[in-house]
Amino acid sequence: MSASELEMSSVRFPYRERIFHVEKEAAGRWVVLDESHAQLGVLVRVAREGEEHEPVFGAIPPGHTETLHEGSDWKMLVSSLINEALEPAPASTGNQGEA
């Protein structure tokens, strides 16, 4: 899949033996949805052309307002949003390092 495929209204994204969807919400902004259409995050275009002459995208997980990951490989960014939603990192308890 190329970056130009994102310009369609919806892209089926097979991953981890499931089908996810990347739906265009606005110019340069897509939502990543699971099969029940729950939102797993947002993909945004950060720049039309980066160092490698490819568009640069950013991934925004739910509950965040800024990109946590950026790069030209939008598929990797969508995969990271899916992974974070399916296997969230454990919350820090603040007790690390204490005996």
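Criteria and thresholds
Residues numbered from 1 in each chain as written. Predicted model: local features only at pLDDT ≥ 70, side-chain atom pairs only at ≥ 80, totals over all residues. Heavy atoms only, no water. Helix = DSSP H or I, 4+ residues; strand = E, 2+ residues; numbered from the N terminus. Buried < 20%, exposed > 50% of the residue type's maximum accessible area, 1.4 Å probe, protein only. Contact = heavy atoms within 4.5 Å. Core = buried A, V, L, I, M, F, W, Y, C linked by side-chain atoms within 4.5 Å. Pairing = 2+ DSSP bridges. Axes fitted to C-alpha atoms, helices over the stretch in contact; angles between N-to-C directions.

### Quick notes on the overall build of the protein
Assigned secondary structure in the protein consists of 1 helix and 6 strands. Scored against the burial criterion, the 99 residues of the protein give a buried share of 33%. Long-range pairs, those at least 24 residues apart, make up 24% of the contacts in the protein between residues at least 6 apart in sequence.

### Re the nonpolar core
Within the largest apolar cluster, 16 residues are counted, with the highest numbers of intra-cluster contacts made by Val22, Leu43, Trp74 and Val78. Elements with a contribution of two residues or more to this core: β1 (10-15), β2 (18-26), β3 (29-33), β4 (39-47), β5 (56-60) and α1 (74-86). For this core, the leading source of residues is α1, giving 5 residues. Membership of the second largest hydrophobic core comes to 5 residues, among which are Val31, Leu33, Val44 and Ile60.

### With respect to the sheet that holds β3
Read across the sheet, 6 strands follow the order β1-β2-β3-β4-β5-β6 without closing on themselves; strand pairing throughout is antiparallel. Each edge of the sheet is formed by a strand with only one pairing partner; in this case those strands are β1 and β6 (69-71). On average, each strand axis in the sheet is tilted by 25° relative to the strand beside it, whichever way the strands run. The pairing of β1 with β2 spans 6 bridges and is antiparallel. Following the sheet pairing, Tyr15 is matched in β2 by Arg18. On top of the sheet, α1 reaches β1, β2, β3, β4, β5 and β6; it is set at about 65° to β1, its chief contact.

### Observations regarding the pairing of β3
Judged by how many residues are buried, β3 sits mostly within the fold: 4 of 5 residues are covered. Hairpin connection of β2 to β3: 2 residues between the antiparallel strands, including Gly28 at a positive phi of 75°. If you look at the hairpin formed by β3 and β4, you'll find 5 residues sitting between the two strands, and His37 has a positive phi there, around 70°.

### Focus: the environment of Arg12
One can find Arg12 in strand β1. Along the chain, Arg12 and Val22 lie 10 residues apart, while their C-alpha atoms are 6.6 Å from each other.

### Structural notes on the side chain of Ser80
Here Ser80 lies in helix α1. Its relative accessible area of 14% is what places Ser80 among the buried residues. Apart from the residues within four sequence positions on either side, Ser80 is in contact with Ala59 and His69.

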